[in-house]
Amino acid sequence: MAANWAERISAFSRSPSGFLSETTADAFLAELLRELRDDRASYSLKVLLLSPLCEHPALLCPSDSVGEETALELMSVLDQCPPKSVQFRCHLLLALTTVLVCTACVSVRSCAAQDFLDLLLQMAQDTGDLHGDGALLSVRATACDCLRELEACSPGLLAQRLELLGGLRQRETSRVHQAYAGLHALVLRNAVYRLTQDTSGGAEHLKALLGGNTSVAWEAELDSSPTSDKDSAVLSSLILGPMGTVPTLQTGPDCKELRSVLSSLLEESYLLTPLCQAALLHRLTEVVAMVPGVPPAVFRAQLLRLLGTSEVCLLHATLLLKCAFTDSLFSAEDEAFILQRLVVLSQHPLLSTPEKLFYTDFLLHFPENRPIGCGGDGDETLPVLLTPRLAAALAPTVFNDGVTALARLNLLALVYLEEAEEGEEGESRGVAYLYEHLASLLRVVANGGGREIVVTFFRAAFLFLFHFSHVERYCRSLTEELCELYLRHTHLAPHFVNLADRAQDKLAGSDWAVGFLRALQGVIADAPPARLTLRNLSWHLKTLARVAEEGEIRQRSTVGFLSSVLAPSPLSLCAGGNWRLGNGLLGVCRRLLVHPSLDSLLIPLADVLLHLTRHYGDTDIQDHARLYYALLTTLSREKLAGVLAHGSAEGGRQVAKRALSCIMAESEGLASALTIHRTEKSIFGLVEALSEPQGETVTDEVSDPDQDETSPAEANAALEEYRAQFLVPGFASEITLNYRLTRTDGDGDCDSCFDQLFSIRLHFGLTDDHYEELGDISVPSLVRGQPAPKVRLRLKPRRPYPTTLHASAIFTTQDGLSWLTVLPHVHVAFRQTFAPLPAPSSWGDSGRRVLFDALWDEMGAESGDGPADCATSLFCCRIKEAALAALVEKHFLPYRIADLPEEEEVKVLFFLPPRSHVLLKIRPGDPVQFSIAADNWQLLRHLNSYLLTITSSQEDT
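Source: prediction; values computed, not measured.

## Concerning the overall build of the protein
At step 1: The number of helices and strands found in the protein is 39 helices and 13 strands.
At step 2: Counting the 957 residues in the protein, one finds 49% classified as buried.
At step 3: Nonlocal contacts in the protein, meaning residues at least 24 apart in sequence, comprise 71% of its contacts between residues at least 6 apart.
At step 4: When the accessible area of the protein is evaluated, it comes to approximately 46000 Å², of which 52% is carbon and sulfur surface.

Here you go:
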């Protein structure tokens, strides 16, 4: 029965709506409550039965009446539960709290909520276990947590119990004291806030609440009146600050009772954990901010401890105190000390990156005692005391991680912004350093930096422009260096275009973006034809298409570039008929058709379109070029702009309106047929298929047990022969991955127009530089209900690391329309880079053993004196002998080196294209030892993750 309930609860948690589609919420709730009342059920099962009520109370209790009935049932179960069932009692209290809060029974003060509140208060006061084994401490702590949750959801609920809660807190000597302190502070804060919202509230009412005087009529009214949702929302977002945004309670100077309570809480705060201390300080800060009669100096005794803390949450609470009380609590010396401490912590080597970024961000939002400006919450301003000399310690370097470097660059840019405005002398110091840092990042990118450094550089370039776009000499120098970088790495074109877009959007009044695009146009048009490749050309076209969107930039050089690449050349652009390249050409032409200077481009642009119509090797490109040529030679510039703007409606599925001429009306069907539409979701994806081992596998050749041991000379000769044949640059090494093209749109309510897909062209994009660019792959068809076609992906690694490929596809449906769909990412795992040893078949097992031993000795597995890039390691795990044999059979068989009869270890040799090796010696035992040797130390972390995965799966079995 327990197993059945475990399955049902698991099914409900996975999909509550799906589970309840086969039954009803009332029926399932009744079953749960019936089983909870059953004495035969174990308490561990009953704890499991409470999880649906804790996770989805509103679904099982859709109304307040159902919630109240359920709460009464649960309280009945609690009454029957023996005191020793501590865990179940705690879970029952949590379930009751959840049900009452989520069904609004607490906010309307229902009878069940009142009874449960009284029960929780009784449990919180039950100190009968003080001299026992402490088993009830957990129940009391849970009761306090439930009270705190009820008070947070219904502020003022426990207002008249303030004296009771204070007494419980002061008498408690166990670990539950922390729960009492947090509850007491929350109730105090909510009670004071409720008083600020009442026009008749004053000192006598506050004194009555703190003293437990129930004779005050206002207090009874407060306790019985439900809290509005508006009040709860305000309490959860109470804003503190020096601008008087906090509601205040005028009590006069006599607040001895409140000061006494606050002092008591603060004196005991050091007993709490740092996180609970921070929460307590936050609540008490709000209380003092709402009661002007209590001076902020009540916190003064805690400042010495707080200013020297190493806890992030406590320093945060200290800064909130400073934000609330400024110079009424913090002196100028305190402010300078905090600022210097933030600078130190922002660069402390023992702190994590998120912590250091937190401190850096506080420098940009530092609550000054006497702020000069009154910026909004999101404004970044620097405190006056953060001088260039103090901030110099936070200067960014190329060794910082990306987010740290950007945060520091932004901070230092604000520091040096005033210097830059002073003139050339100011520019020569701080701004010059920041520009040199930017230039250093650029040089790293130019020398083949990875993806992170590329993104960091372009973001840093934008930040520099955002702050210093008015400094012409640096902007001009940056433009020149970016153009040089573009010529060396044209594949970064999307980053260049994005930088221009963001600069144009954010730099109001600056023409840097237009000047940068004009410079890119110039370097593309003037680039030597010998350096032009098909890959570079595609990026040039994307960049020129963006340049053509700027009406201020003359486009004659762009048209000249298009003419030059279409002329007969070694690229054979037209004869190749590459659809994507042709579409890039047409994209530039389309933007030129609506350019303001079209009249001066008419003849050369018409020649380009006519050449594409006659000579390009793709029919689709020819048809588009013919349409553009007809529009260019028939319509006026105004009508042409209107037609093309109409045809570029988002999604291509807008209902066509009558155009300005009959040509558009007659060509609407043609334009729709020639447009590539985009699917709303993925239609199909690639799923890994079982692939045949690459290369040759180990044979069953029987070795001679009496053969002589291989001499060092023979081993060296075998190694040299192997290198000469297979480790030379000309050796074609690649990884072949087998996939199946399977549908991802399901068989349900899917669009029938995608049942039959034809002429599928798969395109893959890299997310790193570990592999060579992949060519497109063609699949004839994909028909619903028929076997999934196979796709063979051939990867040429530069480095055999895991990677992720972006995939998209263009295909045609049965009605003749062309579609573009984005496929789910294709993940290439480390195990998929393995290949058997590419040794000659004539070597046999003995030759492979000789090569294995020679490689092992060379990598320094025994002596430790291998080449610099080689490394050795040891991986251990505990698996049984039978499981180890199954692991070797399942994962290592194609790469295993045949053993000699006397050998007890298993030898495995992975070849990882293009020229890397990983060797394993697996020794059975307890634990099993995997001795590892590799000629590339960076492979070890990937191999370690792989071994963890396969050995843990064997442990599970």
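## As for a nonpolar patch on the surface
At step 1: Where nonpolar side chains cluster on the molecular surface, the patch consists of V398, F399 and V444 and spans about 310 Å² of accessible area.
At step 2: On the secondary structure map, F399 appears in the loop between helix 21 (388-391) and helix 22 (402-422).

## Some words on the environment of T633
At step 1: Tracing the backbone shows T633 in helix 33 (residues 619-634).
At step 2: Here T633 falls in the partly exposed class, since its relative accessible area comes to 48%.
At step 3: Separated by 31 residues in the primary sequence, T633 and L602 place their C-alpha atoms 8.6 Å from one another.
At step 4: There is a polar contact of 2.8 Å between the side chain of T633 and the backbone oxygen of Y629.

## Observations regarding the side chain of R743
At step 1: By the element assignment, R743 lies in strand 3 (residues 735-743).
At step 2: If sequence neighbours within four positions are ignored, R743 has contacts with I683, F684, F754, D755, L757, L782 and R784.

## Description of the packing of aromatic side chains
Pairs of aromatic rings are described using the distance from one ring centre to the other and the angle between the two planes.
At step 1: On inspection of all chains with the given rule, the structure shows 29 aromatic pairs.
At step 2: Considering the side-chain rings of F458 and F496, the 5.1 Å spacing of their centres and the 85° angle between planes classify their relative orientation as edge-to-face. Residue F458 is located in helix 24 (residues 451-468), and its partner F496 is located in helix 26 (residues 493-506); the two are separated by 38 residues in the primary sequence.
At step 3: An aromatic cluster of at least three residues, connected via ring pairs, comprises F457, F458, Y486, F496, W512 and F516.
At step 4: Over the face of the ring belonging to F330 we find K322, whose NZ or CZ atom lies 5.9 Å from the ring centre.
At step 5: One cation-aromatic arrangement involves R473 over Y474; the distance from NZ or CZ to the ring centre is 4.4 Å.

## What about the nonpolar core?
At step 1: Of all hydrophobic cores here, the largest spans 215 residues; its most connected members are L188, L258, F299 and W512.
At step 2: Among all residues touching F299, those that are not within four sequence positions of it are L266, L281, L284, T285, V288, L321, F325 and L329.

## Quick notes on the confidence of the model for the protein
At step 1: In this model, the protein carries a mean pLDDT of 83, and residues with pLDDT of at least 70 account for 84%.
At step 2: Contacts from residues 214-234, a stretch scored under 50 in pLDDT, to residues over four places away or in other chains number 33 contacts.
At step 3: Note that pLDDT drops below 50 for residues 646-668; the model gives that stretch 20 contacts with residues more than four away or on any other chain.

## Side note on the sheet that holds strand 12 (residues 916-923)
At step 1: If you walk across this open sheet you meet the five strands as 9-13-12-11-10, and the pairing is antiparallel. Every other strand in the sheet has two partners, leaving strand 9 (871-877) and strand 10 (896-897) as the edge strands with one partner each.
At step 2: Packing against the sheet, helix 37 (residues 844-858) makes contact with strand 10, strand 11 (906-912), strand 12 and strand 13 (928-934), and its axis sits at approximately 100° to strand 12.

## A word on empty space enclosed by the protein
At step 1: For the structure shown, the criterion picks out two cavities of 30 Å³ or more.
At step 2: Of the voids in this model, the second largest cavity is the one considered here, and its volume is about 50 Å³.
At step 3: The element best represented in the lining of the second largest cavity is helix 8 (residues 111-125), accounting for four residues.
At step 4: Partitioned by chemical class, the residues of the lining of the second largest cavity number seven nonpolar, one polar and one charged.

## Notes on the packing of helix 10 (residues 162-171) against helix 11 (residues 177-196)
At step 1: Running from N to C, helix 10 and helix 11 cross one another at 155°; their axes reach a closest spacing of 9 Å. Looking at the two axes, helix 10 sits roughly antiparallel to helix 11. Seen from above, helix 10 lies across helix 11 with left-handed handedness. Residues L162, L165, G166, L168 and R169 of helix 10 form the contact with helix 11, whose own contacting residues are H177, Y180, A181, L183, H184, V187, L188 and A191.
At step 2: Per-class residue counts for the contact of helix 10 with helix 11 are nine nonpolar, three polar and one charged.

## Points about the environment of G576
At step 1: Take G576: it is sitting in helix 30 (residues 573-576).
At step 2: The exposure class of G576 is exposed, given its relative accessible area of 60%.
At step 3: It is 7.9 Å that separates the C-alpha atoms of G576 and Y616, two residues lying 40 residues apart in sequence.

## Here's the deal with the state of the cysteines
At step 1: Counted under the stated rule, the structure contains zero disulfides.
At step 2: Not part of a disulfide, C146 finds its nearest cysteine sulfur in C90, a span of 8.5 Å.

## Observations concerning the environment of C81
At step 1: Topologically, C81 is positioned in the loop between helix 6 (64-80) and helix 7 (86-102).
At step 2: For C81, a relative accessible area of 6% corresponds to the buried category.
At step 3: Taking the C-alpha atoms as reference, C81 lies 9.8 Å from L92; in sequence the two are 11 residues apart.
At step 4: When sequence neighbours within four positions are dropped, the list of residues in contact with C81 reads Y43, F88 and R89.

## Quick word on helix 25 (residues 472-488)
At step 1: Taking 1.5 Å per residue, 17 residues should reach 24 Å; helix 25 reaches 25 Å between its end C-alpha atoms and fits that length.
At step 2: Burial in helix 25 covers these residues: Y474, C475, L478, T479, L482, C483, L485 and Y486.

## Examining the pattern of salt bridges
At step 1: Overall, the coordinates contain 31 salt bridges when judged by the stated rule.
At step 2: As a salt-bridge pair, D776 and R580 come within 3.6 Å of each other at their nearest N and O atoms. Taken as a pair, D776 in the loop between strand 4 (756-766) and strand 5 (777-783) and R580 in helix 31 (residues 579-593) lie far apart in primary sequence, 196 residues in all.
At step 3: A relative accessible area of 30% means that R580 is categorised as partly exposed.
At step 4: Through salt bridges with shared partners, a single ionic network connects D501, R546, E549, E550 and R591.

## Comments concerning unusual backbone geometry
At step 1: A cis amide bond links P913 to the next residue, P914, at an omega of 10°.
At step 2: Inspection of the secondary structure puts P914 in the loop between strand 11 and strand 12.
At step 3: The peptide bond linking D926 to P927 adopts the cis configuration, its omega dihedral lying at 10°.
At step 4: Here P927 lies in the loop between strand 12 and strand 13.
At step 5: Look at A104: it is not a glycine, yet its phi comes out positive at around 65°.
At step 6: Within the fold, A104 resides in the loop between helix 7 and helix 8.
At step 7: Phi at S759 takes a positive value of approximately 50°, unusual for a residue other than glycine.
At step 8: Along the chain, the position of S759 falls in strand 4.

## Side note on the pairing of strand 6 (residues 790-795)
Across a regular strand the side chains alternate sides, sitting on one face of the sheet and then on the other.
At step 1: Only one face of strand 6 is covered, namely the face carrying V791, L793 and L795; the face carrying K790, R792 and R794 is uncovered.
At step 2: As paired elements, strand 3 and strand 6 share six bridges and run antiparallel to each other. Of the residues in strand 6, the one forming a bridge with R740 is K790.

## Structural notes on the sheet that holds strand 3
At step 1: Ordered in space as 2-3-6, the three strands form an open sheet in which the pairing is antiparallel. Across the chains shown, the open sheet's two edge strands, defined by having one partner strand only, are strand 2 (684-688) and strand 6. Mean inter-strand twist for the sheet, computed between neighbouring axes without regard to direction, equals 40°.

## So, the packing of helix 25 against helix 26
At step 1: Taken N-terminus to C-terminus, the directions of helix 25 and helix 26 make an angle of 155°; their axes are 10 Å apart at the nearest point. When the axis of helix 25 is compared with that of helix 26, the two are roughly antiparallel. Counted together, L482, L485 and Y486 of helix 25 and A493, F496 and L499 of helix 26 form the full contact between these two elements.
At step 2: Its residues assigned to classes, the contact of helix 25 with helix 26 comprises six nonpolar, no polar and no charged.

## Details of the side chain of R408
At step 1: Relative to the helices and strands, R408 resides in helix 22.
At step 2: It is D401 that comes nearest to the buried, bridge-free R408 among opposite-charge side chains, at 7.9 Å.
At step 3: Apart from the residues within four sequence positions on either side, R408 is in contact with S346, Q347, L394, A395, P396 and N400.

Rules of the game
- Residues numbered from 1 in each chain as written.
- Predicted model: local features only at pLDDT ≥ 70, side-chain atom pairs only at ≥ 80, totals over all residues.
- Heavy atoms only, no water.
- Helix = DSSP H or I, 4+ residues; strand = E, 2+ residues; numbered from the N terminus.
- Buried < 20%, exposed > 50% of the residue type's maximum accessible area, 1.4 Å probe, protein only.
- Contact = heavy atoms within 4.5 Å.
- Areas by Shrake-Rupley, 256 points an atom, 1.4 Å probe, with all protein chains shown as cover.
- Patch = residues over 30% accessible without salt bridge, like charges linked within 9 Å, V, L, I, M, F, W, Y side chains within 5 Å.
- Salt bridge = Lys/Arg side-chain N within 4 Å of Asp/Glu carboxyl O.
- Polar contact = N/O pair within 3.5 Å; in protein donor to acceptor, adjacent residues only side chain to side chain.
- Phe/Tyr/Trp six-rings, centres within 6.5 Å; stacked < 30°, edge-to-face > 60°.
- Lys NZ or Arg CZ within 6 Å of the ring centre and 35° of its normal.
- Core = buried A, V, L, I, M, F, W, Y, C linked by side-chain atoms within 4.5 Å.
- pLDDT = per-residue confidence, 0-100.
- Pairing = 2+ DSSP bridges.
- Axes fitted to C-alpha atoms, helices over the stretch in contact; angles between N-to-C directions.
- 1 Å grid on protein atoms, 1.4 Å probe; cavity = no way out; pocket = protein on both sides within 12 Å on 5 of 7 lines; lining within 4 Å.
- Points joined across faces, edges and corners; volume = space filled by probe spheres on them.
- Nonpolar A, V, L, I, M, F, W, Y, C, P; charged D, E, K, R; others polar.
- Parallel < 35°, antiparallel > 145°, perpendicular 65-115°, else oblique.
- Left-handed = near helix turned anticlockwise from the far one by under 90°.
- Disulfide = S-S within 2.5 Å.
- Expected span 1.5 Å × (residues − 1).
- Lys, Arg positive; Asp, Glu negative; His and termini not counted.

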